[in-house]
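Coordinates in review
Next come the chains, spelled out residue by residue.
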Amino acid sequence: MIKTLIADDEPLITTGIRTVLESAGDIEVVATACDGREAVRAARRHQVDVALLDIAMPVMDGLAAAAELTGTRVVLLTAFGDEDNVRRAVRQGVSGFVLKTCTPDELIRAVRAAHAGQAYLSPAVTRQVLDMAMPGDDERGRDAAGRLATLTAREGDILALVAQGLSNAQVARRVHMTEASVKTYVSRILAKLNCTNRVQAALLLRDAPFPSDARPEGR
């Protein structure tokens with residue numbers, strides 16, 4: 001069982017998320033909290049595997065709580081309009097982001113992925129972060145270009161599609177591969193680029209100083 005904590009200051013949302021997660025069969029909600037400080041205490045007391053945290057909470061917000069929960073996988077609940085918070089969380093390397101408007105299946109996938117040590121980012125969140133990201137400075141651009149140079153042409157093609165916010169299934173259809181093969185490619189790309197999630201990899205692509213006539217598709 002995946003021991004999970006839910007932290008949100010709206011009881012109705014907490015109840016709904018708990019119902020969804022516990023319907024999965026392999027997820028147990030062992031604690032809930034209504035603010036970040038209470039979430040940190042509860043996560044430590046119950047030794048949770050995954051903490052599902054709302055970003056906007058009183059006393060201590062989800063980002064601050066995530067920073068204190070070392071050793072615990074964190075999935076953040078966010079909403080459109082949280083650009084600054086999402087950007088900070090991407091740089092911080094949390095395990096996942098899901099929108100509050102996500103489907104029950106997506107919420108369950110996010111918790112399972114985090115528990116497995118993988119990053120889960122809603123395609124909509126990926127697109128949101130990329131849309132708000134500004135091109136990097138010269139130093140960041142050189143670093144990005146150097147890291148991207150380690151990718152094969154095929155890996156570069158797949159990363160360009162990921163940077164558009166496409167899911168593995170959508171990428172698979174575009175490149176005529178199985179979803180499992182795309183998943184393997186994405187894992188390899190993240191390892192080569194030393195990125196913890198898809199958004200960080202996509203931001204490298206955004207930062208790289210490609211000539212305007214040579215940018216990969218989606219740039």
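Quick note: structure is the one above.
I will try to describe carefully the structure that is included in this document. Model, not experiment: these values are computed from the prediction.

Scanning the protein for helices and strands turns up eleven helices and six strands. Scored against the burial criterion, the 219 residues of the protein give a buried share of 47%. Sequence separation of 24 or more characterises 63% of the internal contacts of the protein that already satisfy a separation of 6 or more. Entry remark: accessible area of the protein is about 10,400 Å², with carbon and sulfur atoms responsible for 50%.

The next point concerns the packing of aromatic side chains. Evaluation of the coordinates by the stated rule reveals zero aromatic pairs. We note R188 situated over the ring of Y185; from NZ or CZ to the ring centre the distance is 4.9 Å.

Another point: the sheet that holds strand β1 (residues 2-7). Spatially, β2-β1-β3-β4-β5-β6 is the arrangement adopted by the six strands of the open sheet, whose pairing is parallel. Among the strands making up the open sheet, the edge pair consists of β2 (27-33) and β6 (120-121). With two bridges connecting them, strand β5 (residues 96-99) and β6 associate as parallel partners. Residue pairing for β6: F97 is matched across the bridge by L121. Here helix α1 (residues 11-22) sits on the sheet and contacts β1, β2, β3 (50-54) and β4 (73-78); the angle it forms with β2, its principal contact strand, is near 165 degrees.

Moving on to α1. In a regular helix each residue adds 1.5 Å, so twelve residues correspond to 16 Å; α1 covers 16 Å between its end C-alpha atoms and thus fits that length. Within α1, the full set of buried residues consists of T14, I17, V20 and L21. Relative to the axis of α1, the buried residues are bounded by an arc of 130 degrees and lie together on one face. Exposed residues on α1 whose side chains face more than 90 degrees from its buried face are P11, L12 and T19. Summarising the contacts, the buried residues of α1 are in contact with β1, β2, β3, β4 and α5 (104-115).

Structurally, the position occupied by D54 is in strand β3. Judged by relative accessible area, D54 falls into the buried class, the value being 5%. Polar contacts involving the side chain of D54 include one to the side chain of K100, which spans 3.3 Å. Residues contacting D54, with those up to four places away along its chain left out, are A7, D8, D9, G62, L77 and K100.

Interhelical geometry of helix α10 (residues 179-193) versus helix α11 (residues 198-207) gives an angle of 65 degrees and a closest axis separation of 10 Å. Considering the relative orientation of α10 and α11, their crossing is left-handed. Listed contacts from α11 to V186, L190 and L193 of α10 are R198, A201 and L204. By residue class, the composition of the contact of α10 with α11 is five nonpolar, no polar and one charged.

For α5, built from twelve residues, the straight-helix expectation of 16 Å at 1.5 Å per residue is met to within 8% by its first-to-last C-alpha distance of 17 Å. Every buried residue belonging to α5 is among E106, L107, I108, A110, V111, A113 and A114, and all of these are buried. Residue G117 follows α5 closely and has a positive phi angle near 85 degrees.

Counting across every chain of the model gives eight salt bridges. Residue K100 is joined to D54 by a salt bridge in which the shortest nitrogen-to-oxygen separation is 3.3 Å. Of the two residues, K100 is situated in the loop between β5 and α5 and D54 in strand β3; the sequence distance between them amounts to 46 residues. In this structure, E155 engages R188 in a salt bridge whose closest nitrogen and oxygen atoms are separated by 3.8 Å. On the criterion of sequence distance, the pair formed by E155 in helix α8 (residues 153-162) and R188 in helix α10 is long-range, its members being 33 residues apart. What makes E155 buried here is its relative accessible area of 1%. Overall, R188 belongs to the partly exposed group, its relative accessible area being 37%. Several salt bridges share partner residues, and in doing so they unite D8, D54 and K100 into one network.

Here is what the cut-offs are and how they apply
Residues numbered from 1 in each chain as written. Predicted model: local features only at pLDDT ≥ 70, side-chain atom pairs only at ≥ 80, totals over all residues. Heavy atoms only, no water. Helix = DSSP H or I, 4+ residues; strand = E, 2+ residues; numbered from the N terminus. Buried < 20%, exposed > 50% of the residue type's maximum accessible area, 1.4 Å probe, protein only. Contact = heavy atoms within 4.5 Å. Areas by Shrake-Rupley, 256 points an atom, 1.4 Å probe, with all protein chains shown as cover. Phe/Tyr/Trp six-rings, centres within 6.5 Å; stacked < 30°, edge-to-face > 60°. Lys NZ or Arg CZ within 6 Å of the ring centre and 35° of its normal. Pairing = 2+ DSSP bridges. Axes fitted to C-alpha atoms, helices over the stretch in contact; angles between N-to-C directions. Expected span 1.5 Å × (residues − 1). Arc of directions from axis to C-beta. Polar contact = N/O pair within 3.5 Å; in protein donor to acceptor, adjacent residues only side chain to side chain. Left-handed = near helix turned anticlockwise from the far one by under 90°. Nonpolar A, V, L, I, M, F, W, Y, C, P; charged D, E, K, R; others polar. Salt bridge = Lys/Arg side-chain N within 4 Å of Asp/Glu carboxyl O.

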